[in-house]
Amino acid sequence: MSKQILVTGGTGFIGSHTVVELQNNGYDVVIVDNLSNSKIEVLEQIEAITGVKPKFEEFDLTDKQKVNDFFQKYTDLEAIIHFAASKAVGESVEKPLMYYNNNLNSLMNIMACMIEYKVPNLVFSSSCTVYGQPDKLPVTEQTPRKEAESPYGNTKSICEDIIRDTLKACPDLKGIALRYFNPIGAHETAKIGELPLGVPNNLIPFLTQTVAGIRPELSVFGDDYNTPDGSAIRDYIHVVDLAKAHVVAIERLLNGKNKANCEYFNVGTGNGVSVLEIIESFERATGEKVPHKIVARRAGDIEQIYADTTYANDELGWKAQSSLDETLLSAWKWQKNISEK
Ligand code: WQD
């Protein structure tokens, strides 16, 4: 029988790509999502790619009773990948309580059930935001965490602490926190991708919407950073490469290959890329022009961050494969697909 994995937030951007990779590797997936930032149609899109429609339960993970009911119903779970969370940095500054409530309570409800129902394995969506603006680049997993710039970022740090402390108290449980850098791109079939609500905050959806004519111009936030071309640097990773890291993390836990019961991995490419280089790469890959202007820095942005991925490469046997051009081309194909609808 195939192994059953709970994927919370499985209809979202990273979640849906991970469900596809899990199914392609023979796992039986159950998704829990409250559809607060995703659409139910994603299930059919996943089925169109893999031939299998994942099981689906719609409820809010902050509802302790419903989480309990779920674990009573699904008794064959071997592992959980916990994506479900609120993730807009700006919104978290306006609504901190909503962020602490959603992101912390959902994790705590799940972990209480992991203990009660003996589901031993957890993979958690963490973020490079836990490093803040590091003193030294690239960042390794040992780079000290810094005080978060936003309530959103703080929830990722606190969730890591909740996991660390709970696993310390419950040595039968195991967990891996994957610290994502900047996930972008879409599945090669263009059937799933990022679906931002309203005006996108993130660079790539804003860029592709601009090229699609939905926005007049992309604003480049700052060209006076201490970087080679003055624009800010990030580590952009293809969402499918990121999704594959989850499959490898799950296999590590299921096969007992973990070296501690709580582990952390940087999931990036190792390449620092500036905003202006993104525009250049997008234009080269797609043949489209990106209308843009330079404006002031965005409040709360750091200057640069990129990963040292040596530990993830060596320990997980995983490495990001896609080039930046390919990744941006996939984002553009996805944008064209959704613009046509
Ligand atoms: C990337 C770069 C911007 C928009 C955030 C969260 C992080 C993670 C991913 C997710 C920056 C510049 C952006 C635009 C621009 N969390 N930019 N014009 O801020 O690195 O990371 O999203 O769920 O925790 O902090 O990503 O895509 O917003 O920005 O010039 O219109 O693009 O200044 O340098 P960021 P981003």
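Parameters at a glance
- Residues numbered from 1 in each chain as written.
- Predicted model: local features only at pLDDT ≥ 70, side-chain atom pairs only at ≥ 80, totals over all residues.
- Heavy atoms only, no water.
- pLDDT = per-residue confidence, 0-100.
- Phe/Tyr/Trp six-rings, centres within 6.5 Å; stacked < 30°, edge-to-face > 60°.
- Helix = DSSP H or I, 4+ residues; strand = E, 2+ residues; numbered from the N terminus.
- Buried < 20%, exposed > 50% of the residue type's maximum accessible area, 1.4 Å probe, protein only.
- Lys NZ or Arg CZ within 6 Å of the ring centre and 35° of its normal.
- Core = buried A, V, L, I, M, F, W, Y, C linked by side-chain atoms within 4.5 Å.
- Domains from an automatic or database assignment.
- Contact = heavy atoms within 4.5 Å.
- UniProt positions renumbered as here; feature names shortened; annotations may be inferred.
- 1 Å grid on protein atoms, 1.4 Å probe; cavity = no way out; pocket = protein on both sides within 12 Å on 5 of 7 lines; lining within 4 Å.
- Points joined across faces, edges and corners; volume = space filled by probe spheres on them.
- Nonpolar A, V, L, I, M, F, W, Y, C, P; charged D, E, K, R; others polar.
- Expected span 1.5 Å × (residues − 1).

Here's the deal with the confidence of the model for the protein
Line of reasoning, step 1. For the protein, per-residue confidence averages 97 on the pLDDT scale, and residues scoring 70 or more make up 100% of the total.
Line of reasoning, step 2. Predicted complex metrics record ipTM = 0.97 and pTM = 0.98.

Focus: the packing of aromatic side chains
Line of reasoning, step 1. With the rule as written, the count across this model stands at six aromatic pairs.
Line of reasoning, step 2. A ring pair is formed by Phe59 and Phe70, whose centres lie 5.9 Å apart and whose planes are at 45°; its orientation type is tilted. Of this pair, Phe59 sits in the loop between β3 (55-58) and α3 (64-73) while Phe70 is found in helix α3, placing the two residues 11 residues apart along the sequence.
Line of reasoning, step 3. Exposure remark for Phe59: the relative accessible area of 11% places this residue in the buried category.
Line of reasoning, step 4. An angle of 80° between the planes, with centres 5.6 Å apart, marks the rings of Phe70 and Phe71 as edge-to-face. Each of the two residues, Phe70 as well as Phe71, counts as buried.
Line of reasoning, step 5. Pairwise contacts between aromatic rings join Phe59, Phe70, Phe71, Tyr74 and Tyr117 into one cluster.
Line of reasoning, step 6. Above the face of the Tyr225 ring, Arg297 is positioned so that its terminal group lies 4.0 Å from the ring centre.

Describing the nonpolar core
Line of reasoning, step 1. One finds Ile5, Leu22, Leu178 and Trp318 to be the most contacted residues of the largest nonpolar core, which totals 36 residues.
Line of reasoning, step 2. For this core, the element with the highest residue contribution is helix α8 (residues 239-254), accounting for eight residues.
Line of reasoning, step 3. Per-domain counts for this core show at least three residues from each of domain 1 (4-184 + 237-267) and domain 2 (203-234 + 270-334).
Line of reasoning, step 4. Setting aside residues up to four positions removed in sequence, Leu22 forms contacts with Ile5, Val7, Tyr27, Val29, Ile81 and Val247.

Remarks on the UniProt feature "domain: NAD(P)-binding" (unreviewed entry) in the protein
Line of reasoning, step 1. UniProt records the feature "domain: NAD(P)-binding" (unreviewed entry) at residues 6-327, using the numbering of this structure.
Line of reasoning, step 2. Along residues 6-327 one finds 39% helix and 18% strand; the C-alpha atoms at either end are 28 Å apart.

Re the layout of surface pockets
Line of reasoning, step 1. Taken as a whole, the second largest pocket spans an internal volume of roughly 280 Å³.
Line of reasoning, step 2. Every residue lining the second largest pocket is counted, 15 residues in all, and those nearest its centre are Ala186, Glu188, His238, Ser322 and Glu326.
Line of reasoning, step 3. At the level of secondary structure, the elements contributing two or more residues to the lining of the second largest pocket comprise α1 (13-24), α8 and α11 (324-339).
Line of reasoning, step 4. No other element matches α11, which puts four residues into the lining of the second largest pocket.
Line of reasoning, step 5. Each residue belonging to the lining of the second largest pocket can be placed in one class, and the counts come to three nonpolar, six polar and six charged.

A closer look at unusual backbone geometry
Line of reasoning, step 1. Here the residue pair Leu137 and Pro138 is connected by a cis peptide bond, since its omega of -5° sits within 30 degrees of zero.
Line of reasoning, step 2. By the element assignment, Pro138 lies in the loop between β5 (121-127) and α6 (151-169).
Line of reasoning, step 3. The backbone phi angle of Lys118 is positive, close to 55°, even though this residue is not glycine.
Line of reasoning, step 4. Relative to the helices and strands, Lys118 is located in the loop between α5 (96-117) and β5.
Line of reasoning, step 5. The phi angle at Ala190 is positive, at roughly 60°, despite the residue not being glycine.

Notes on α1
Line of reasoning, step 1. Between its first and last C-alpha atoms α1 spans 17 Å; for 12 residues at 1.5 Å apiece the expected length is 16 Å, and the two agree.
Line of reasoning, step 2. A large share of α1 lies buried, amounting to 11 of its 12 residues.
Line of reasoning, step 3. Taken residue by residue, α1 has Phe13, Ile14, Gly15, Ser16, His17, Thr18, Val19, Val20, Glu21, Leu22 and Gln23 as its buried positions.
Line of reasoning, step 4. Positive backbone phi, at 90°, marks Gly26, one or two positions downstream of α1.

Concerning empty space enclosed by the protein
Line of reasoning, step 1. All chains considered together, the criterion is met by two cavities of 30 Å³ or more.
Line of reasoning, step 2. In this structure, the largest cavity occupies an estimated 90 Å³ of space.
Line of reasoning, step 3. If you go around the largest cavity, the residues you meet are Phe13, Ile184, Gly185, Glu194, Pro196, Ile204, Pro205, Thr208, Ala331, Trp334, Gln335 and Ile338.
Line of reasoning, step 4. When residues of the lining of the largest cavity are traced back to their parent elements, those giving at least two are α7 (203-211) and α11.
Line of reasoning, step 5. Of the residues forming the lining of the largest cavity, the biggest block, four residues, is contributed by α11.
Line of reasoning, step 6. A class-by-class count of the residues in the lining of the largest cavity yields eight nonpolar, three polar and one charged.
Line of reasoning, step 7. The volume enclosed by the second largest cavity comes to roughly 30 Å³.
Line of reasoning, step 8. What lines the second largest cavity is simply His82, Ala84, Ala85, Asn103, Ser106, Phe124, Thr155, Lys156 and Cys159.
Line of reasoning, step 9. Broken down by element, the lining of the second largest cavity gets its largest block of residues, three residues, from α6.
Line of reasoning, step 10. Here the residues of the lining of the second largest cavity are counted per class, giving four nonpolar, four polar and one charged.

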